[in-house]
Amino acid sequence: FFFARMLTFRPLALGLLAQSACALRIAPLMTARNGAATMADATSSAPELLFESPASTLGKAASTVVVGRQTALLELSPTLLPAGVPVDLWKALVGKVKPGDAGGSASTMYTAADGEAKTLVAAVLPEHCSRHNSPIRPHAITSLVAPAATDAAKEGGGAAVLLVLEEPAHAAGAACAVARAFPLYSQKKLRQPAEPRGCVRVGFATRSAAISDGAGSVYGPCAKAAAGVRLAARLVDAPPEQLTTTAFVQEAGAVAARLREQGREVLVEVISGDELRERGYGGLYGVGKAATEPPALCVLSHVP
């Protein structure tokens, strides 16, 4: 059945899929059958990710997670801390963390400038880095951000993540690591009342200053990359009973529609059911012909 739900894209179309992911919207793709869960049910509570300069969100979230290597966090400019956080408190919080090989974190409550009690989390990345791994340490970013920000994202003020980078060029990799912490597809608590999606605001900084969102900003490309990661994860995580061949063709059509909105001419050709056999795609037809949903081959083409 795996081959029955496969889609074939031309190489250029794969790149366009990632480009168009920035316009991803979580919309119902299937209707319930005999009370079964749908794709829309399983993605409705995923938090929204917004990539923007820390200057616009610093200290406004219910919980702020500051991620970086221990030396960078200890040397962090006080201007990058939420208002109301004493520098001595911050350094003590960071200093108590023993990151080990997987990273570690510590949290504290503080009274913000508006008088509200808020949470501050110091997420310290491991110092040791294998020569086979990226210096960005994306595995640790994902594992530290997910538990620290997921619940806070659904509170009134949402959650903020400040990634303290060794250099601005690391922004894209760090953004993709954060995206992996907030998968769009989940079947957890499906029978409970729908939870609010919430919002996670992600910003970048070096240890001395925030990375601005002006001309040539990294925030736009990072938002697109993160959306592409979440889209790919959703398609992989969804079981075949929900992401059927028919639903997968609809996904491909949605990609084409988003690209057309961006001014790109995209052609969509769908070959399904008996037409596969008639046109010589016997392998796809033979594997998928007994399935409830017909096998399908979808080709997206773009000629610049």
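Residues numbered from 1 in each chain as written. Predicted model: local features only at pLDDT ≥ 70, side-chain atom pairs only at ≥ 80, totals over all residues. Heavy atoms only, no water.

**Q** Tell me about helix H4 (residues 87-95), and name the residues and values.
**A** Taken as a whole, H4 has its buried residues at Trp-90, Leu-93 and Val-94. Looking straight down H4, one finds that the buried residues subtend no more than 95° of arc, so they occupy a single side. (Buried < 20%, exposed > 50% of the residue type's maximum accessible area, 1.4 Å probe, protein only. Helix = DSSP H or I, 4+ residues; strand = E, 2+ residues; numbered from the N terminus. Arc of directions from axis to C-beta.)

**Q** Got a sec to walk through the packing of helix H5 (residues 138-149) against helix H6 (residues 171-180)? Specific residues and values, please.
**A** Interaxial distance between H5 and H6 falls to 8 Å at its minimum, and their mutual angle equals 40°. Taken together, H5 and H6 sit at an angle that is classed as oblique. In terms of crossing hand, the pair formed by H5 and H6 is right-handed. In contact with Pro-138, Ile-141 and Thr-142 of H5, H6 contributes Ala-174, Ala-177, Val-178 and Arg-180. Of the residues contributing to the contact of H5 with H6, the split by class is five nonpolar, one polar and one charged. (Axes fitted to C-alpha atoms, helices over the stretch in contact; angles between N-to-C directions. Parallel < 35°, antiparallel > 145°, perpendicular 65-115°, else oblique. Left-handed = near helix turned anticlockwise from the far one by under 90°. Contact = heavy atoms within 4.5 Å. Nonpolar A, V, L, I, M, F, W, Y, C, P; charged D, E, K, R; others polar.)

**Q** Can you break down the nonpolar core residue by residue, with the values?
**A** In this structure, Phe-51, Val-67, Ile-141, Val-161, Leu-163 and Phe-204 are the most contacted members of the largest nonpolar core, which totals 35 residues. Elements supplying a minimum of two residues to this core: strand S1 (48-51), strand S2 (63-69), strand S4 (117-125), H5, strand S5 (159-164), H6, strand S6 (199-205) and helix H7 (219-237). Beyond its immediate chain neighbours, meaning those up to four positions away, Val-161 contacts Val-65, Val-67, Val-145, Ala-149, Val-200, Arg-201, Val-202 and Gly-203. (Core = buried A, V, L, I, M, F, W, Y, C linked by side-chain atoms within 4.5 Å.)

**Q** Tell me what's going on with the packing of aromatic side chains, and back it up with residues and numbers.
**A** Taken as a whole, this structure holds two aromatic pairs when the rule is applied. Relative to Tyr-219, the ring of Phe-204 lies with its centre 5.3 Å away and its plane at 35°, an arrangement referred to as tilted. You can see Phe-204 sitting in strand S6 and its partner Tyr-219 sitting in helix H7, a full 15 residues away along the chain. With a relative accessible area of 0%, Phe-204 lands in the buried category. Classification of Tyr-219 as buried rests on a relative accessible area of 3%. Among the aromatic residues, those joined into a cluster by ring pairs are Phe-51, Phe-204 and Tyr-219. (Phe/Tyr/Trp six-rings, centres within 6.5 Å; stacked < 30°, edge-to-face > 60°.)

**Q** Please give an account of the sheet that holds strand S3 (residues 104-111) that cites residues and values.
**A** Taking strand neighbours across the sheet as the criterion, the six strands line up as S1-S6-S5-S2-S4-S3 in an open arrangement whose pairing is mixed. Both edges of this open sheet fall to S1 and S3, since each of them pairs with a single strand only. With direction set aside, neighbouring strand axes in the sheet form an average angle of 20°. Both S2 and S4 contribute to a ladder of seven bridges, which runs parallel. Bridging from a neighbouring strand, Ser-63 pairs with Thr-119 of S4. Here H7 sits on the sheet in contact with S1 and S6, set at roughly 160° to S1. (Pairing = 2+ DSSP bridges.)

**Q** Any details on helix H8 (residues 245-261)? Residues and values, ideally.
**A** Between its first and last C-alpha, H8 extends 25 Å over 17 residues, near the 24 Å set by a 1.5 Å rise per residue. Listed in full, the buried residues belonging to H8 are Thr-245, Ala-247, Phe-248, Val-249, Glu-251, Ala-252, Val-255, Ala-256, Arg-258 and Leu-259. At the C-terminal side of H8, Gly-263 shows a positive phi close to 90°. (Expected span 1.5 Å × (residues − 1).)

**Q** Describe in detail unusual backbone geometry, supporting the description with residues and values.
**A** Non-glycine residue Arg-137 carries a positive phi angle of around 60°. Given the relative accessible area of 4%, Arg-137 is considered buried.

**Q** Give me the lowdown on the packing of H7 against H8, citing residues and values where you can.
**A** Across the interface, H7 lies against H8 with an axial gap of 12 Å and an inter-helix angle of 165°. It follows from the interaxial angle that H7 and H8 lie roughly antiparallel. Where H7 crosses over H8, the two elements pack in a sense that is right-handed. Contacts between H7 and H8 involve Leu-231, Arg-234 and Leu-235 on the former and, on the latter, Phe-248, Glu-251 and Arg-258. Residue composition of the contact of H7 with H8, by class: three nonpolar, no polar and three charged.

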